[in-house]
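# Structural characterization, general
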Amino acid sequence: MAKNVYNIYMTFPSDVKTDKNEKKDISVSTVEGFELQGEFGHIFTTSETAIKYLLKKKIEDEKELDFTLNRVFLLLSDTVAGKIGFKPEILTNRPEFDLETTHLDVLNYQMDNFYKNYFDKEITPLFSSITKEIPCGNSLDDTKQLGDSIIKLCEAIVEYKKDLPPDARIKLYIDTTGGFRNAAMLFLIIGRIMSYLGIEIEDIFYTGWSQKKCTVHEIKDTYDLLDLISGFEEFLMFGSAKKLNAHYKLNEEDKKNNSCTLNQKSIDELIKAMDRFSDVVNISRRGEFKTELSFLSQRLSNISFDDNSSSEDFNYQLIKFLREPIEREYKSLVDYQAETTKDDLSYVEWCLKHDYVQQALTLFKECVPSFLVNKGLIVIDEKKLSAYLKDESLKENKAILETAFNKWKDTDSTLKDNTLVTFNAFYKEYTSVFQPEEDVRDDVDLAFNEINAHRSQLILKYSNREQLFKNLKQLLKDYVTDVQNTEFIITRDSKSIQERNENLETVLKSKQVDLLKHLFNEIRAFKLVPVKDDSSKAKKVISFLTAIAMNATNLKDVNNLPIKVREMIYNGNVNKLKPYLANEEDFQFVFNDADHKELRLNFYKILKNQIKEDVLFGDITKGFILTEYDFEREAKDIYKTCDTSLYNIEGLAISEQFKDSLAQVIKILAYYFEIKKSRNDSNHARIEESSQFTTSSEIKYAMDECIKLIRELIK
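Predicted, not measured: the structure shown is a model, and the values here were computed from it.

About the cut-offs
Residues numbered from 1 in each chain as written. Predicted model: local features only at pLDDT ≥ 70, side-chain atom pairs only at ≥ 80, totals over all residues. Heavy atoms only, no water. Disulfide = S-S within 2.5 Å. Buried < 20%, exposed > 50% of the residue type's maximum accessible area, 1.4 Å probe, protein only. Core = buried A, V, L, I, M, F, W, Y, C linked by side-chain atoms within 4.5 Å. Contact = heavy atoms within 4.5 Å. Axes fitted to C-alpha atoms, helices over the stretch in contact; angles between N-to-C directions. Helix = DSSP H or I, 4+ residues; strand = E, 2+ residues; numbered from the N terminus. Parallel < 35°, antiparallel > 145°, perpendicular 65-115°, else oblique. Left-handed = near helix turned anticlockwise from the far one by under 90°. Nonpolar A, V, L, I, M, F, W, Y, C, P; charged D, E, K, R; others polar. Polar contact = N/O pair within 3.5 Å; in protein donor to acceptor, adjacent residues only side chain to side chain. Expected span 1.5 Å × (residues − 1). Salt bridge = Lys/Arg side-chain N within 4 Å of Asp/Glu carboxyl O. 1 Å grid on protein atoms, 1.4 Å probe; cavity = no way out; pocket = protein on both sides within 12 Å on 5 of 7 lines; lining within 4 Å. Points joined across faces, edges and corners; volume = space filled by probe spheres on them. Phe/Tyr/Trp six-rings, centres within 6.5 Å; stacked < 30°, edge-to-face > 60°. Lys NZ or Arg CZ within 6 Å of the ring centre and 35° of its normal.

## Structural notes on the state of the cysteines
- Enumeration over the complete set of coordinates arrives at zero disulfides.
- Free of any disulfide, Cys367 has its nearest cysteine sulfur in Cys351, 9.8 Å distant.
- Looking at Cys367, the relative accessible area reads 1%, which means it is buried.

Next comes the structure, spelled out in structure tokens:
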């Protein structure tokens, strides 16, 4: 047996049939379809047939001489667990049994005898020593008991698995023969659960009985059809071909001999096309997405039905039917594109329909800007935009150049007082030869980058951040006072340090949650989106306050706060904190144990009275709540200052055709830039979220809304 491979077996043991049902002797059957020597071919209980078949196949036919079953799980009905009810004649006819013999005893006897005596070498461990019995009653209609039996069996297998090495491979063999009429369905459910738990379904058997002949059938290929069907379903729903590839293997010998029929080759090509499309779905590349979608459509079209399909095996015929829903869903998009004007948004809509949110995000981010330009909503004058961007690049460098120029002039005595050598003259010469670093982005990307930057600056005036920050500062100030008072009262009233710590931790955690709730509600009242994750400076400071209230020695945690916050705290009381400043460049502190409590009071005072709102609250919002934002107001402001020029960016304008719909154009842009943040958050696996759309459903809704606005505008 292969190293670290453990074979387990599962069956519903059959009851023992007696001769003429008189309980005097056993009604003996024989095997058919494979050969067992002598008495070992005598079958007392149908369930033993498949076990003997498996052992003979592995040890004799496949030469796995060390093959054995490591554990056998028996779903045991009350009948099989009970006595057979033999008459006294059994003592003469079958002396190995008696009046107390149960149906299970007969199975154990038959298998132990087979283990000991059939092969040249005894199989160990013996069958009867490796069985695990799971009682399951006698009623087919007691669904609760059947459900409980499934759970108990699964629990028993999981428990067995725990004792095996971490790298163990477990192979499960299932016999669906005995037990209730729904035994096959029960084992089907259990098999799927086992696969989910990482246990390999190695083979499945069914023993047919007719005229005292027992024939074993291997039926795993039928069971595997479930994987084929679920593989197509997985592809249809999620664009994944993983399960399909695990199931579908084109016969290599047939391929070498070139003996596959035309339909079989077409299906093979279809599977490959599905796999290629699945790969593109995973990596989310716009160009390849379209190419592979077209390739998939062609392969779907290549599949045809023969009038006489007798030469096709069942799998191939089934695939032909399974491909029809995929053809409807996937091919329709390509056909639509061929019949109408090319429209990239339809790809995004198709991805959203199939819940390919990440793929939709990628396509949306890439195609919306060019779509808006191609449809004439936004007009780009390439020459003017290029000149404008060059000028903006120069402006970024101008202040640095002027500082450097003046320092250079001051250090040279011959130039210091020379009025002919001026910065303006130098700058004029510099700009005539200056060439900004080439930007690999196209004009559309550059234009939208400028729109986003200028719009972000414009809408700051609508946020009333000054008043918001004052309100947030007051909430924080009240919290500091509350924390101080709470710590004092609980410390005074507690009978032990343990009681004090437990009570204080419970109360402070509750107060911290309440404070954050008040802060977020205040931000929403200003129609802004709060940053709820742990990335904001305010949330870090609140956690720090809670920590030092719990224990003054936690003052050292100040070094974990952002450097701007540490600088703000230091400047809040330089005289008091300077002795503890270890590094002036990054404001790292070292505290003495004796000074902790007094220093904590100073920290409380600083965080109540000396905070800078822009430092502490500058990153606690992430834009306006789009559903509550006044786009008409922004449109009016643009009309006043820019007319049709977008945000005073030279070379960019709103088309005259859409001038009266400027508010809706701005709304489209706002949604686009916010959705783009979501794409960047997911693409770069950021812990902190910059977009107000964070869940899959929110992102999907936002893209649907944005596309709907675009469709309405260009109708």
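Next comes the rest of the account.
## Brief notes about the nonpolar core
- Membership of the largest hydrophobic core comes to 132 residues, with the highest contact counts inside it found for Ile569 and Met703.
- In contact with Ile569, not counting residues within four places along its chain, are Val558, Leu561, Leu577, Phe603, Ile606 and Leu607.
- If you look at the next biggest cluster of nonpolar residues, it comprises 32 residues, including Phe40, Ala50, Phe67 and Val72.

## Quick notes on the packing of helix 13 (residues 345-353) against helix 14 (residues 357-374)
- One way to put it is that helix 13 packs onto helix 14 with a least axis distance of 9 Å and a crossing angle of 160°. When the axes of helix 13 and helix 14 are compared, the pair comes out roughly antiparallel. For the element pair helix 13 and helix 14, the recorded crossing hand is left-handed. Residues Leu345, Tyr347, Val348, Cys351 and Leu352 of helix 13 form the contact with helix 14, whose own contacting residues are Gln359, Ala360, Leu363, Phe364, Cys367, Val368 and Phe371.
- Residues belonging to the contact of helix 13 with helix 14 are distributed by class as follows: 11 nonpolar, one polar and no charged.

## A short note on the side chain of His354
- Within the fold, His354 resides in the loop between helix 13 and helix 14.
- Only 2.8 Å separates the side chain of His354 from the backbone oxygen of Trp350, close enough to count as a polar contact.
- Look past the residues within four positions of His354 in its chain and what remains in contact with it is Leu236, Met237 and Glu329.

## Quick word on helix 4 (residues 103-117)
- Taking 1.5 Å per residue as the helical rise, helix 4 with its 15 residues ought to reach 21 Å, and the 22 Å between its terminal C-alpha atoms agrees with that figure.
- Of all 15 residues that make up helix 4, 11 are buried, and the element is covered over most of its length.
- For helix 4, every residue scored as buried is listed here: His103, Leu104, Val106, Leu107, Asn108, Gln110, Met111, Asp112, Asn113, Phe114 and Tyr115.

## Describing the pattern of salt bridges
- Counted under the stated rule, the structure contains 32 salt bridges.
- Here Asp15 makes a salt bridge to Lys17, at a shortest N to O gap of 2.7 Å.
- Between Lys83 and Glu100 there is a salt bridge, with the nearest N and O atoms lying 2.7 Å from each other. Separated by 17 residues along the polypeptide, Lys83 in the loop between helix 2 (78-81) and helix 3 (90-93) and Glu100 in the loop between helix 3 and helix 4 bring together distant segments of the chain.
- A single network of salt bridges, built from pairs that share partners, joins Lys57, Asp203 and Glu218.

## A word on the layout of surface pockets
- By volume, the largest pocket is sized at about 620 Å³.
- As for the largest pocket, its lining consists of 27 residues, of which Thr621, Lys622, Gly623, Phe624 and Lys677 are closest to the centre.
- Those elements giving two or more residues to the lining of the largest pocket turn out to be helix 18 (443-458), strand 13 (621-624) and helix 27 (662-683).
- Of the residues assigned to the lining of the largest pocket, the class counts are nine nonpolar, 10 polar and eight charged.

## Observations concerning the packing of helix 14 against helix 28 (residues 696-714)
- Remark: helix 14 packs on helix 28, axes separated minimally by 11 Å, with the N-to-C direction vectors making an angle of 25°. Relative to helix 28, helix 14 is oriented roughly parallel. Remark: the crossing between helix 14 and helix 28 carries left-handed chirality. Each of Val357, Ala360, Leu361, Phe364, Val368, Phe371 and Leu372 in helix 14 lies in contact with helix 28, whose residues at this interface are Ser696, Ile699, Met703, Cys706, Ile707, Ile710, Arg711 and Ile714.
- Considering only residue class, the contact of helix 14 with helix 28 consists of 13 nonpolar, one polar and one charged.

## Here we look at the packing of aromatic side chains
- Tallied over the entire structure, the rule returns 33 aromatic pairs.
- Ring geometry for Phe40 and Tyr118: centres 5.2 Å apart, planes at 85°, overall edge-to-face. With Phe40 in the loop between strand 2 (29-32) and strand 3 (42-43) and Tyr118 in the loop between helix 4 and strand 5 (131-135), the pair connects residues that are 78 residues apart, well separated along the chain. For the pair shown, Phe40 and Tyr118 are each scored as buried.
- Summarising the aromatic geometry, the rings of Phe448 and Tyr672 are spaced 5.8 Å apart at their centres and angled 80° between planes, so their arrangement reads as edge-to-face. Here Phe448 is found in helix 18, whereas its partner Tyr672 is found in helix 27, with 224 residues between them in sequence. Like Phe448, the residue Tyr672 is buried in the burial classification.
- Among the aromatic side chains, those forming a connected cluster through ring pairs are Phe544, Tyr570, Tyr580, Phe587, Phe589, Phe591 and Phe603.
- Against the face of Phe295 rests Arg276, its NZ or CZ located 3.9 Å from the ring centre.

By themselves, these figures tell us nothing about what the structure is for.
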